[in-house]
Amino acid sequence: MAVGCCRLIAGENVDADLIHVLGGAGATYVIDNGPDYWLRVWGTRGLLWNWRRRALPSVRLALRDDAWRVREMACKVVARHQIGDLLQSVADLRDDPIPRVRTAATRAVTVLTASRA
């Protein structure tokens, strides 16, 4: 599942069944009509529950996504799994123009720095 999530974050095609598992009731609409950023959100959210260290580059990519919902979810993944390698990346998002991203980034920084104390 983590590999499929990483492929979604990268904008690659995956099995529609995975999209339905991750996206629930809205999956059919998104598959048929977009917007495609939801696929990247769902791929990132999937990593909340199915984390693998090899997904680190995908989370790094998600933190730079144009869609704010993807960046917000990536901050949540960093916080949940205490991915210290991405501390600077989430710290930079504390200045994001979107309040929800700033909040998630601040929380991730707090979690990461508390775990180092």
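Rules behind the numbers
- Residues numbered from 1 in each chain as written.
- Predicted model: local features only at pLDDT ≥ 70, side-chain atom pairs only at ≥ 80, totals over all residues.
- Heavy atoms only, no water.
- Helix = DSSP H or I, 4+ residues; strand = E, 2+ residues; numbered from the N terminus.
- Axes fitted to C-alpha atoms, helices over the stretch in contact; angles between N-to-C directions.
- Parallel < 35°, antiparallel > 145°, perpendicular 65-115°, else oblique.
- Contact = heavy atoms within 4.5 Å.
- Nonpolar A, V, L, I, M, F, W, Y, C, P; charged D, E, K, R; others polar.
- Buried < 20%, exposed > 50% of the residue type's maximum accessible area, 1.4 Å probe, protein only.
- Arc of directions from axis to C-beta.

1. Some words on the environment of Pro-97
- Within the secondary structure, Pro-97 sits in the loop between α7 (87-92) and α8 (99-116).
- Residues Pro-97 and Trp-68 lie 29 residues apart in sequence; the distance between their C-alpha atoms is 9.0 Å.

2. Observations regarding the packing of helix α4 (residues 37-49) against helix α6 (residues 68-81)
- Contact geometry for α4 and α6: axes closest at 9 Å, N-to-C directions at 5°. As far as their axial angle goes, α6 and α4 are roughly parallel. Residues Tyr-37, Trp-38, Arg-40, Val-41, Thr-44, Arg-45, Leu-47, Leu-48 and Trp-49 of α4 form the contact with α6, whose own contacting residues are Arg-69, Val-70, Met-73, Ala-74, Lys-76, Val-77, Arg-80 and His-81.
- Classifying every residue of the contact of α4 with α6 by side-chain character gives ten nonpolar, two polar and five charged.

3. A word on the side chain of Asp-65
- Locating Asp-65 in the fold gives a position in the loop between α5 (56-62) and α6.
- Relative accessible area serves as the criterion here: at 11%, Asp-65 is assigned to the buried category.
- Those residues in contact with Asp-65, other than ones at most four positions away along the chain, are Arg-40, Val-70 and Arg-71.

4. Digging into α4
- Along α4, the positions that sit buried rather than exposed are Leu-39, Arg-40, Val-41, Trp-42, Gly-43, Thr-44, Gly-46, Leu-47 and Leu-48.
- On its buried face, α4 is in contact with α1 (2-9), α2 (16-23), α3 (27-33), α5 and α6.

5. Some details on α2
- Residues of α2 that are buried: Leu-18, Ile-19, Leu-22 and Gly-23. Looking down the long axis of α2, one finds its buried residues gathered within 115° of arc, a one-sided arrangement. Of the exposed residues in α2, those oriented more than 90 degrees away from the buried face are Asp-17 and Val-21.
- As for α2, its buried residues are in contact with α1, α3 and α4.
- Phi turns positive, to about 65°, at Gly-24, one or two residues after α2.

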